[in-house]
Amino acid sequence: MTTGLTLYGARGSGAVPVEAALTLLEIPYALIDAYTFDPDDKASGDQVLAANPMRQVPTLVSPTGEVITESAAILIWLADRHPASRLAPAPEDPKRAQFLRWMIFVSSAIYSLYWVKDDPSRLVPDPTGHAALEARVLNRIADCWGIMDSQVEPGRYILGDELSVLDLYVTVVTRFRPRRKRFYEVAPKMGDVVRRVDIDPRLHALWKDRMGFHEGWEG
Ligand SMILES: N[C@@H](CCC(=O)N[C@@H](CS)C(=O)NCC(=O)O)C(=O)O
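Residues numbered from 1 in each chain as written. Predicted model: local features only at pLDDT ≥ 70, side-chain atom pairs only at ≥ 80, totals over all residues. Heavy atoms only, no water.

### Details of helix α10 (residues 204–211)
Then comes step 1: Listed as buried for α10 are Leu206, Trp207, Arg210 and Met211. An end-on view of α10 places all buried positions within 95 degrees of arc, on one side of the element. Along α10, the residues that are exposed and aim more than 90 degrees away from the buried face are Ala205 and Lys208.
Then comes step 2: Those residues of α10 that are buried lie in contact with β1 (6–9), α1 (16–24), β2 (30–33), α7 (165–173) and α9 (188–198). (Buried < 20%, exposed > 50% of the residue type's maximum accessible area, 1.4 Å probe, protein only. Helix = DSSP H or I, 4+ residues; strand = E, 2+ residues; numbered from the N terminus. Arc of directions from axis to C-beta. Contact = heavy atoms within 4.5 Å.)

### What about the domain arrangement of the protein chain?
Then comes step 1: Examined at the domain level, the protein chain breaks down into domain 1 (6–85) and domain 2 (96–211).
Then comes step 2: Look at where the C-alpha atoms of domain 1 and domain 2 centre, and you get two points 18 Å apart.
Then comes step 3: Of the roughly 1800 Å² buried at the junction of domain 1 and domain 2 (both faces included), carbon and sulfur atoms supply 66%.
Then comes step 4: For the domain 1 face of the interface with domain 2, the top three residues by lost area are Arg11, Leu24 and Ile76, together amounting to 27%.
Then comes step 5: Scanning the region where domain 1 abuts domain 2 turns up four salt bridges. (Domains from an automatic or database assignment. Buried area = accessible area lost by both parts, 1.4 Å probe. Salt bridge = Lys/Arg side-chain N within 4 Å of Asp/Glu carboxyl O.)

### Focus: the site of the ligand
Then comes step 1: Taken together, 13 residues lie around the ligand, and Thr36, Val57, Glu70, Ser71 and Arg122 are the ones closest in.
Then comes step 2: One of the side-chain N or O atoms of Gln56 is found 2.9 Å from an oxygen atom in the ligand.
Then comes step 3: When the free accessible area of the ligand is taken as 500 Å², the share hidden by the protein chains comes to 89%.
Then comes step 4: When residues of the shell around the ligand are sorted by domain, at least three fall in each of domain 1 (6–85) and domain 2 (96–211). (Near = heavy atom within 4 Å. Polar contact = N/O pair within 3.5 Å; in protein donor to acceptor, adjacent residues only side chain to side chain. Areas by Shrake-Rupley, 256 points an atom, 1.4 Å probe, with all protein chains shown as cover.)

### A short note on unusual backbone geometry
Then comes step 1: Cis rather than trans, the peptide bond between Val57 and Pro58 has omega equal to 5 degrees.
Then comes step 2: Tracing the chain through its elements places Pro58 in the loop between α2 (42–46) and β3 (59–61).
Then comes step 3: With an omega of 10 degrees, the peptide bond between Arg177 and Pro178 qualifies as cis.
Then comes step 4: Structurally, the position occupied by Pro178 is in the loop between α7 and α8 (179–186).
Then comes step 5: In the Ramachandran plot, Glu70 falls in the positive-phi region, its phi being about 80 degrees despite a non-glycine side chain.
Then comes step 6: Structurally, the position occupied by Glu70 is in the loop between β4 (67–69) and α3 (71–81).
Then comes step 7: Take Glu70: its relative accessible area is 41%, and that puts it in the partly exposed class.
Then comes step 8: Here the phi dihedral of Arg86 falls at roughly 55 degrees; this positive angle occurs in a residue that is not glycine.

See below:
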């Protein structure tokens, strides 16, 4: 049976935390892989244009045809629609403000930088400047993780002892560059959390298929 949800995603992308949330919620979905960041396969990425003119994944299409973009919005929306799953603090929960704060922080301060990191020519035409730009973007990302780590007081998970979509989000985005080894150095408290989420048995098959623990994945 399908609920009619369609997710445009890609292995190794920011759509994977959405897949993780759908897995924990046991919600079936149709997946269309669109490798928007693969310059050698434009046709794959172009599929998402049917729903999202930003040509980015994740893009979720609801059963009524409504399009929801932006990873943080999708994760919050899914969690809020299934309160019994406790994947987000409820609006009246004292943890709600920090939950929203860090969901938007990951999206705006960190994830958005990959638009430049993945293709520096978008902002800097001269190729001789690309290596320096990339290094600075990666430093900024590491700094942002460090700032977040200094401001949170995790228990087993970032907001306390209950897993939320924030943990899924941080677990996946910290697998992107500058990758985990640097993250563990700059964000030791959240480092313990993401290692716990990495080995969550409910997500084992998904992580293996959609992220992969290949040799050297931690950086
Ligand atoms: N603000 C978006 C960013 C999504 C994003 O950057 N997705 C990447 C894949 S991880 C992508 O599609 N990149 C292609 C591009 O930006 O051209 C979100 O939070 O969902």
